[in-house]
Amino acid sequence: MTPVYLDYNATAPIKPAVASAIGRALEVTGNPSSVHSFGRAARKLVEDSRETLAQIVRCKSSEIVFTASATEANNLVLAGAGRHRLIVSAVEHPAVLKTARAVGGEVVVLPVDANGVVELAALEAALKEGGADALVSLMLANNETGAVQPVAEAAQLAHGRGALIHCDAVQGPGRLPVTLAELGVDYLSLSAHKFAGPKGAGALIARDGAPLKASVIGGGQERGRRAGTENVAGIAGLACAAELAADDLANRDRLSGLRDALESRVIEIEPRVHVFSARAERLPNTSCLNMPGVQSETQVMALDLAGVAVSAGSACSSGKVEPSHVLRATGVSDAISGCAIRVSLGWGTKPEDVDAFIEAWRALYAGLTNRFRSGISGAR
Ligand code: PLP
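Residues numbered from 1 in each chain as written. Predicted model: local features only at pLDDT ≥ 70, side-chain atom pairs only at ≥ 80, totals over all residues. Heavy atoms only, no water.

(A) Local environment of the pairing of strand 3 (residues 85-89). With five of five residues buried, strand 3 lies mostly within the body of the structure. With burial as the criterion, each face of strand 3 is covered, one bearing Arg85, Ile87 and Ser89 and the other bearing Leu86 and Val88. Where strand 3 and strand 5 (residues 134-137) come together, four bridges link them in parallel fashion. Within strand 5, the position partnered with Ile87 by the bridge is Val136. (Buried < 20%, exposed > 50% of the residue type's maximum accessible area, 1.4 Å probe, protein only. Helix = DSSP H or I, 4+ residues; strand = E, 2+ residues; numbered from the N terminus. Pairing = 2+ DSSP bridges.)

(B) Local environment of the layout of surface pockets. Empty space within the second largest pocket amounts to approximately 220 Å³. Taken together, 19 residues form the lining of the second largest pocket, with Gly174, Asp248, Leu255, Gly346 and Trp347 sitting closest to its centre. If you list the elements that add at least two residues to the lining of the second largest pocket, you get helix 8 (232-248) and helix 9 (252-269). Looking at which element gives the most residues to the lining of the second largest pocket, the answer is helix 9, with three residues. Across the lining of the second largest pocket, the residue classes tally to nine nonpolar, four polar and six charged. (1 Å grid on protein atoms, 1.4 Å probe; cavity = no way out; pocket = protein on both sides within 12 Å on 5 of 7 lines; lining within 4 Å. Points joined across faces, edges and corners; volume = space filled by probe spheres on them. Nonpolar A, V, L, I, M, F, W, Y, C, P; charged D, E, K, R; others polar.)

(C) Region of interest: the site of the ligand. Within the structure, the ligand sits among Ser69, Ala70, Thr71, His93, Met139, Asn143, Asp168, Val170, Gln171, Ser191, His193 and Lys194. Contacts to the ligand include Gln171, whose side-chain N or O atom sits 2.9 Å from an oxygen atom. Here an oxygen atom of the ligand and a side-chain polar atom of His193 are 2.8 Å apart. Contact with the protein chains covers 87% of the free accessible surface of the ligand, which is 390 Å². Each residue belonging to the shell around the ligand can be placed in one class, and the counts come to three nonpolar, seven polar and two charged. (Near = heavy atom within 4 Å. Polar contact = N/O pair within 3.5 Å; in protein donor to acceptor, adjacent residues only side chain to side chain. Areas by Shrake-Rupley, 256 points an atom, 1.4 Å probe, with all protein chains shown as cover.)

(D) Looking closely at the nonpolar core. If you look at the biggest cluster of nonpolar residues, it comprises 64 residues, and the most contacted ones within it are Leu53, Ile87, Val185 and Leu188. Per-element accounting of this core gives the leading share, nine residues, to helix 8. Residue assignment places this core across two domains, with domain 1 (4-12 + 251-379) and domain 2 (16-248) each supplying three or more. Dropping the residues within four chain positions of it, Val185 is found in contact with Val151, Ala155, Ile165, Cys167, Leu180 and Arg207. (Core = buried A, V, L, I, M, F, W, Y, C linked by side-chain atoms within 4.5 Å. Domains from an automatic or database assignment. Contact = heavy atoms within 4.5 Å.)

(E) Spotlight on the confidence of the model for the protein chain. For the protein chain, mean pLDDT is 94; residues scoring 70 or higher make up 95% of the total. A low-confidence stretch, residues 375-380 (pLDDT under 50), is modelled with eight contacts involving residues beyond four sequence positions or located in other chains. (pLDDT = per-residue confidence, 0-100.)

(F) Spotlight on the sheet that holds strand 11 (residues 311-312). With respect to topology, three strands assemble into an open sheet ordered 9-14-11, the strand pairing being antiparallel. With one partner strand each, in any of the chains shown, strand 9 (286-290) and strand 11 form the two edges of the open sheet. Bridge analysis of strand 11 against strand 14 (residues 340-344) gives two bridges, and the strand direction is antiparallel. Across the sheet, residue Ala312 finds its bridge partner in strand 14, namely Ile341. Running over the sheet, helix 9 touches strand 9 and strand 14 and is turned about 10 degrees from strand 9. Where helix 10 (residues 296-305) meets the sheet, it contacts strand 11 and strand 14, and its direction lies at approximately 45 degrees from that of strand 14. (Axes fitted to C-alpha atoms, helices over the stretch in contact; angles between N-to-C directions.)

(G) Spatial organisation of helix 4 (residues 94-103). By the burial criterion, the buried members of helix 4 are Ala95, Val96, Leu97, Thr99 and Ala100. The inward-facing, buried residues of helix 4 contact helix 3 (70-80), strand 3, strand 4 (106-110), strand 5, strand 6 (164-168) and helix 11 (325-329). Taken from the residues just after helix 4, Gly104 is the one with a positive phi, measuring 110 degrees.

Next up, the structure:
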């Protein structure tokens, strides 16, 4: 049995053309900072990749800072924008939430509604005082529920009060249009492995004139904004993956069709299933849903044994399974959110993969229900 991979929001399988681009780049010997022909060949690869990405994200190539991850990009902007009030939503990734708290200034956490969408009225209120010293950080779409956030509206509000705004757009490429111009933000974070590129390659796009103090100090790479010899092969892979992801936008309906079919089939099996953020605009590939009475970790392990890979909508801390901060923020009870899993599809997902998930889900649920009926408690 070939295992079925439905965890694209964690990392998307690399596309063959991207792997080839990385392979070719690995053959390039020089250090991009060296002036000889070997170095110039490596520099050309980096700069061509920067140009490709700039055209896709509709920014200037000089506005792109290559990093080792989106986590690094988020850290760089939150610490380096020079603002002391950080306004973040309650559903941001820990690479924003934890970093904001670690930076040391004032942190304002904005609530979300029952669909996991940030309350813009709360943003307006938070911007009323100290807007000129504020940086807003709002993700494009949530990694757990897929809920799309009103980033362009938030950017207008932020700029109206003299604040800067950053968007963690990690889950966007290939699923939503991601351009600096349309979002109207000052900073944007990307991560190659979320759009079928290599792990360990990311980017921060910082609009011309937006302040940015380097965190990694050393050589003058990336125009002094991020020291360290560039990950040439990773950058080449990121650019190739970004080009292919832009083409994937045409397949959005195929993905949302598969996702919607998956959800209706689960609800047919058990009508009490709760689909998180169902009433919000969502990424076309993401479904976060619960299996009543069966904890997330149990489901993830059982589905894995059945050959289907998904993620838990909860995290295990100190031996206790806790619903994620994202699901909690939507106000749904822990009893429901503690039983949530995230299923995320992508470029390689076929209808048969959804069939395999449904059969595994059905078998797991029926088995557990039968055990409960016969008085043996197997799932807690
Ligand atoms: N931001 C979001 C929304 C994510 O989903 C992730 C990864 O899960 C990250 C940031 C971190 O990305 P990276 O793996 O490149 O550090």
